Amino acid sequence: MLNSILFGVIAAALVCWAMGAYNRLVRLRVAMAQTFTVWQHMLQTEAEPAESQTPEEIAVQWRKIEAERMLCKEAYEAAVAQYNQAIAQAPAAWLAALFSFKPVRSDEGKH
């Protein structure tokens with residue numbers, strides 16, 4: 001009787017851990033995809049100067065867009081690193097293999 005209760009408690013703990021680990025991996029993958037989408041959107045953003053803008057104002061606008069692109073790229077690379085680290089850690093790596101979570105290279109999104 002005591003063995004079956006102990007087995008049930010251990011099994012329940014393992015199931016809870018597995019659900020939590022799986023959810024974490026999914027959250028990290030979604031965060032990575034979202035930062036990639038924002039970065040790609042920023043790469044497509046063009047500075048459209050108004051006719052009344054001076055060349056200096058256009059240059060400032062361009063530097064601002066480039067800075068935002070760099071921030072988006074850094075956020076994406078950080079999300080990739082966090083995701084890759086999570087799927088490489090034991091015992092979460094077992095779940096990653098079971099559910100086909102693959103590592104991502106941060107340069108896959110580069111043009």
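Given the structure is predicted, the values throughout are model-derived calculations rather than measurements. (Residues numbered from 1 in each chain as written. Predicted model: local features only at pLDDT ≥ 70, side-chain atom pairs only at ≥ 80, totals over all residues. Heavy atoms only, no water.)

Asks: Describe the side chain of Arg-69, with residues and values.
Replies: With respect to the element layout, Arg-69 can be found in helix 2 (residues 55-88). In this structure the side chain of Arg-69 is engaged in a polar contact, spanning 2.8 Å, whose partner is the backbone oxygen of Met-42. With residues up to four places along the chain from it excluded, the contact list for Arg-69 reads Trp-39, Met-42, Leu-43, Thr-45 and Trp-62. (Helix = DSSP H or I, 4+ residues; strand = E, 2+ residues; numbered from the N terminus. Polar contact = N/O pair within 3.5 Å; in protein donor to acceptor, adjacent residues only side chain to side chain. Contact = heavy atoms within 4.5 Å.)

Asks: Quick rundown of helix 1 (residues 2-44)? Include the residues and the values.
Replies: With 43 residues, helix 1 extends 63 Å between its outermost C-alpha atoms, agreeing within 8% with the 63 Å of an ideal straight helix rising 1.5 Å per residue. The complete set of buried residues in helix 1 reads Ala-21, Leu-25, Leu-28, Met-32, Trp-39, Gln-40 and Met-42. Taken together, the buried residues of helix 1 touch helix 2 and helix 3 (92-98). (Expected span 1.5 Å × (residues − 1). Buried < 20%, exposed > 50% of the residue type's maximum accessible area, 1.4 Å probe, protein only.)

Asks: Lay out the nonpolar core with the relevant residues and their values.
Replies: Ranked by size, the top nonpolar core spans 16 residues in total, and within it Leu-25, Met-32, Tyr-76, Tyr-83, Ile-87, Phe-101 and Val-104 carry the most contacts. Contributions of two or more residues to this core are made by helix 1 and helix 2. For this core, the leading source of residues is helix 2, giving eight residues. (Core = buried A, V, L, I, M, F, W, Y, C linked by side-chain atoms within 4.5 Å.)

Asks: Which residues make up the environment of Ala-96, and what values go with them?
Replies: Within the element layout of this structure, Ala-96 appears in helix 3. Judged by relative accessible area, which is 3%, Ala-96 ranks as buried. Separated by 23 residues in the primary sequence, Ala-96 and Lys-73 have C-alpha atoms spaced 25 Å apart. Ala-96 has contacts with Leu-25, Ile-87 and Phe-101, leaving out every residue within four places of it along the chain.

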